[in-house]
Amino acid sequence: MLSIKNLQAKVEEKDIIKGLNLNIKPGEVHAIMGPNGAGKSTLGNVLSGREGYEVTGGSVEFLGKDLLDFEPEERAREGLFLAFQYPVEIPGVSNLEFLKASVDAVREHRGQDPLDSVSFLKLAREKCKAVNLDQNFLKRGVNEGFSGGEKKRNEIMQMMLLEPSLCILDETDSGLDIDALQVVADGVNSQRSVDRSFIVVTHYQRLLDYIVPDYVHVLANGRIVKSGGKELALELEEKGYSWIDEEVV
Amino acid sequence: MTEASTQTLDYASQALSLAQSVEGPEWLSGLRKDGQQSFEGHAWPTRKTEHWKYTNLSALNKQNYAQLVANDSVALTDSEAQQLYLIADLDAVQLVFVNGHFSETLSSEIDLDSVEVVRFSQADEDQRSVISDNLGQITLNEEHIFSALNAGQLDDGVLIRFLKNKKTETAIQVVHLTTAQSQSFSVNARLLVVSEAGSQGVVVESFVSDDASQTAIVNSITECRIDDNSKLFHYRLQLEQEDAIHIGGMHVQLNAGSQLESFHVGLGGKVKRVDVVVNHEGSGAHCDLKGVYLPKNSQHIDYHTCIEHKVPHCTTSEVFRGIIANQAKAVFNGRIHIHPDAQKTLAELNNRNLLLSNKAEINTKPELEIYADDVRCAHGATIAQLDDNAMNYMLSRGIGRQEAEVMMSFGFINELLNGLAHHPIQEKLRPILADLFGKDDSLTRHLL
Ligand SMILES: Nc1ncnc2c1ncn2[C@@H]1O[C@H](COP(=O)(O)OP(=O)(O)OP(=O)(O)O)[C@@H](O)[C@H]1O
Ligand SMILES: [Mg+2]
């Protein structure tokens, strides 16, 4: 699914990702944890092709293709999805028209016909329900005035609509109340399948009780410094990150 | 014929001689004479005239505007014409002028007991006295050259009088439709709105044309007297095609406790200029003024707004947004003048502009003059490109760059449309404005 080899990237002339390796097979769930400023969001941004994030070395293969060759919108159409840590507000653009444009673009890329507006509306309402968002959110501007938790649920709804192959969830659990966490986790779990993989970036092991990962990685200082099974998350929760530094050194 | 005699006269001289040949109701002749005299006293605006610096009127001199209204036939069927201005689902009646001529067939029979709507030429004695008492009192000939000219050419006009303490839900729509004619001509449009105390009403001014190249110059002046505790919703939809020349003015007197909600949309044209002047004359009045302008290609549009706070405890909220594409030019001049007596004024003006190309041009100038000390006044003008974060977000969802640009630009003005009190007007405008962005349908298919 995804093979990252010795990836290096900089932002604003500053090296952030410093030789990162990661392999993800279809159907797997990988959790990435790590201290603030380690480069977790940067990794997501680099993979999604965000402007201003410059790859200076290494390679990324996604579904057998060179991911770094693609424009950002092509990466999304190829099946890469990033749920943002801080989803952007776009006033004046309605959520519904945004979602339809997005789904149509992806469908077109897959050689499918665009959905007619009635079927799309029906589908979008279904997904709203699945993440417990009122249908009124479809009419509002994209993320405009949404609460933190509503924005996160909106991200998961988009993921459900786009049916990507690789989903990167960047702190989708932060800012969620306990019920919303359950809703989001159920949403993610319902999307798990043998040909869909997840990278779940989180600070809290609690999420991993709901979305059980196959692997847990620690990203520190631009690299994966430790990997393990789901029990690693428990260990981190207990001991923090400092002991890893010592171990690595 | 000698060369000299075929040469087109400059517009000012043409306009004056046209004015002198106007045949209108005798009781208006005094106003007409005053207008002509005042017009003669004005210097024709040039680049050196303050407030005309960025709007060049030389295009007016290139045609021979031999007559005040057109005589040719109209190449549109009635239903094609109606398509241009009718607003689906809006409870409205229409007065329609085609190339300056009143159209009996396109206009509605108006029979409402809360409002009087009448052409000046049909006014009864009582209505005549309302007209005589107010016309030229809210816009002053000596301050506005095109108001003076409009008065000088006054042959007819429309009076809308919302009656005391009555609420009129039905919108009164005044339409000026212009079509291409073999001869250039001018249209002199005059509207007087009187909202009597405690009344509420809705006025929609529509300026439309067919797609054929325009040969008209429209000079349209609207005066609104909004009496104590009354409310006026006003929409000015200027949607003519791009060869249009249109000089317009809207002049308002707000009396105590009255409210104005006014929305303007302007497409660009060869020369387009609108002055909006609001005078707070009575304490506790509120003015909500919004507008969008969207010139493209080589078009030009100029909005000059001026809010005069003359008395205490009044509020103004003004928001104008512009999207300027290709090599188009826009001018926005927003003046707020707070007189010494106008304590406790709250006034806000915000103007944002989006340039879609590096050849597009905006001249935006806020003008604040504050002579009272206990006031709150905020003022901002920005010129921006599209937001990078929003662009990134849309790309990350697979939406193509061009389509994202179109959606975001449209969103920029859609925010203002969303706030309009009358939803059918939103619905009417959205496809018209969306259409401006799409070179190709695939880019606009997701708008609305
Ligand atoms: N656009 C940018 N401009 C400047 N610096 C940036 C930019 N984006 C990221 N950085 C820097 O890169 C480093 C890594 O940031 P990143 O957001 O990837 O951390 P993170 O691991 O996601 O942290 P957190 O857990 O707090 O979300 C930080 O020092 C950050 O300040
Ligand atoms: Mg982060």
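In this text the structure is predicted, and so the values were computed from the model without any measurement.

Another point: the overall build of chain B. When its secondary structure is counted, chain B shows 10 helices and 19 strands. Against the 2.2 N^0.38 benchmark of 22 Å for 448 residues, chain B shows a C-alpha radius of gyration of 21 Å, consistent with a compact globule. In terms of its C-alpha atoms, chain B occupies a principal-axis envelope of roughly 70 × 60 × 45 Å. Scored against the burial criterion, the 448 residues of chain B give a buried share of 59%. If you take every contact in chain B between residues at least 6 apart in sequence, the share linking residues at least 24 apart comes to 85%. The positive charge centre, built from 36 side chains, and the negative charge centre, built from 59, are 6 Å apart in chain B.

As a further point, take the pairing of strand β10 (residues 245–254) of chain B. Along any regular strand the residues' side chains alternate between the sheet's two faces. Residues and elements named next belong to chain B. Burial within β10 is extensive, with 10 of its 10 residues counted as buried. Residues Ile 245, Ile 247, Gly 249, His 251 and Gln 253 line one face of β10 and the alternating positions His 246, Gly 248, Met 250, Val 252 and Leu 254 line the opposite face, and both faces are buried. Pairing analysis gives 10 bridges linking strand β8 (residues 216–226) to β10, with the strands arranged parallel. Within β10, the residue paired with Glu 223 across the bridge is His 251.

This part takes up the domain arrangement of chain B. Residue and element names in this part refer to chain B. When its domains are assigned, chain B resolves into domain 1 (9–282) and domain 2 (388–448). Across the domain 1/domain 2 interface, buried area totals approximately 1200 Å², and carbon plus sulfur atoms make up 82% of it. Here domain 1 and domain 2 share 0 salt bridges between them. Scanning the region where domain 1 abuts domain 2 turns up 3 residue pairs in polar contact (both at pLDDT 80 or more). Mapped by element, the contributors of at least two residues to the side of domain 1 that touches domain 2 are α4 (78–85), β7 (200–209), β9 (231–238) and β11 (259–267).

Quick look at the site of ligand 1 now. Residue and element names in this part refer to chain A. Gly 37, Lys 40, Ser 41, Thr 42 and His 203 are the nearest of the 16 residues found near ligand 1. Between ligand 1 and the protein, one listed contact pairs an oxygen atom with a backbone N or O atom of Gly 37 at 2.9 Å. One nitrogen or oxygen atom from the side chain of Glu 171 is found 3.3 Å from an oxygen atom belonging to ligand 1. Those elements that provide at least two residues to the shell around ligand 1 are β2 (14–24) and α1 (40–48).

Residues and elements named next belong to chain B. This structure, assessed with the given rule, holds 13 aromatic pairs over all chains. Between Tyr 293 and Phe 332, the ring centres sit 6.4 Å apart and the planes meet at 10°, which makes this aromatic pair stacked. Taken together, the residues Tyr 293 in strand β13 (residues 286–294) and Phe 332 in strand β16 (residues 329–338) connect sequence positions 39 residues apart. Phe 332 sits in the buried class, given a relative accessible area of 1%.

Residue and element names in this part refer to chain A. Within the protein, the magnesium ion (ligand 2) binds to Ser 41 (OG) and Gln 85 (OE1); these donor distances fall in the range 2.0 to 2.1 Å. In this pair, Ser 41 sits in helix α1 while Gln 85 sits in the loop between β6 (80–83) and β7 (90–94), placing the two residues 44 residues apart along the sequence. Here Ser 41 falls in the partly exposed class, since its relative accessible area comes to 25%.

Before going further, it helps to spend a moment on the nonpolar core. Core analysis: the largest hydrophobic core is formed by 75 residues, its most contacted members being Leu 2, Ile 4, Leu 20, Leu 43, Leu 169 and Ile 199 of chain A. When neighbours within four sequence positions are excluded, Ile 4 of chain A is seen to be in contact with Leu 20, Asn 21, Leu 22, Leu 43, Leu 47, Ser 59 and Val 60 of chain A.

This paragraph deals with the pattern of salt bridges. Enumeration according to the criterion identifies 26 salt bridges over all chains in this entry. The partner of Glu 235 of chain A in a salt bridge is Lys 239 of chain A, with the nearest N and O atoms 3.3 Å apart. Here the residue Glu 235 of chain A and the residue Lys 239 of chain A both occupy positions in helix α9 (residues 231–239), the gap between them amounting to 4 residues, near one helical turn. Judged by its relative accessible area of 29%, Glu 235 of chain A falls in the partly exposed class. A salt bridge links Lys 231 of chain B to Glu 261 of chain B; the nearest nitrogen and oxygen atoms lie 3.4 Å apart. Taken together, the positions of Lys 231 of chain B in strand β9 and Glu 261 of chain B in strand β11 put the pair 30 residues apart, joining distant regions of the chain. Classification of Glu 261 of chain B by relative accessible area gives partly exposed; the value is 26%.

All names here are of chain B. Taken in spatial order, the 10 strands of this open sheet run β2-β1-β5-β7-β9-β11-β13-β15-β17-β19, and their pairing is mixed. At either margin of the open sheet sits one strand with a lone partner, and together these are β2 (101–102) and β19 (376–384). Note: strand β5 (residues 171–178) against β7, 7 bridges, orientation parallel. Considered in β7, the bridge of Thr 178 is made with Ser 209. Across the face of the sheet, helix α9 (residues 423–437) comes into contact with β7, β9, β11, β13 and β15 (315–324) while running at roughly 30° to β11.

Cut-offs applied
- Residues numbered from 1 in each chain as written.
- Chains lettered and ligands numbered in written order.
- Predicted model: local features only at pLDDT ≥ 70, side-chain atom pairs only at ≥ 80, totals over all residues.
- Heavy atoms only, no water.
- Helix = DSSP H or I, 4+ residues; strand = E, 2+ residues; numbered from the N terminus.
- Rg over C-alpha atoms; globule rule 2.2 N^0.38 Å.
- Buried < 20%, exposed > 50% of the residue type's maximum accessible area, 1.4 Å probe, protein only.
- Contact = heavy atoms within 4.5 Å.
- Lys, Arg positive; Asp, Glu negative; His and termini not counted.
- Charge placed at Lys NZ, Arg CZ, Asp CG, Glu CD.
- Pairing = 2+ DSSP bridges.
- Domains from an automatic or database assignment.
- Buried area = accessible area lost by both parts, 1.4 Å probe.
- Salt bridge = Lys/Arg side-chain N within 4 Å of Asp/Glu carboxyl O.
- Polar contact = N/O pair within 3.5 Å; in protein donor to acceptor, adjacent residues only side chain to side chain.
- Near = heavy atom within 4 Å.
- Phe/Tyr/Trp six-rings, centres within 6.5 Å; stacked < 30°, edge-to-face > 60°.
- Donors = N, O, S within 2.8 Å, 3.2 Å for Na, K, Ca; no water.
- Core = buried A, V, L, I, M, F, W, Y, C linked by side-chain atoms within 4.5 Å.
- Axes fitted to C-alpha atoms, helices over the stretch in contact; angles between N-to-C directions.

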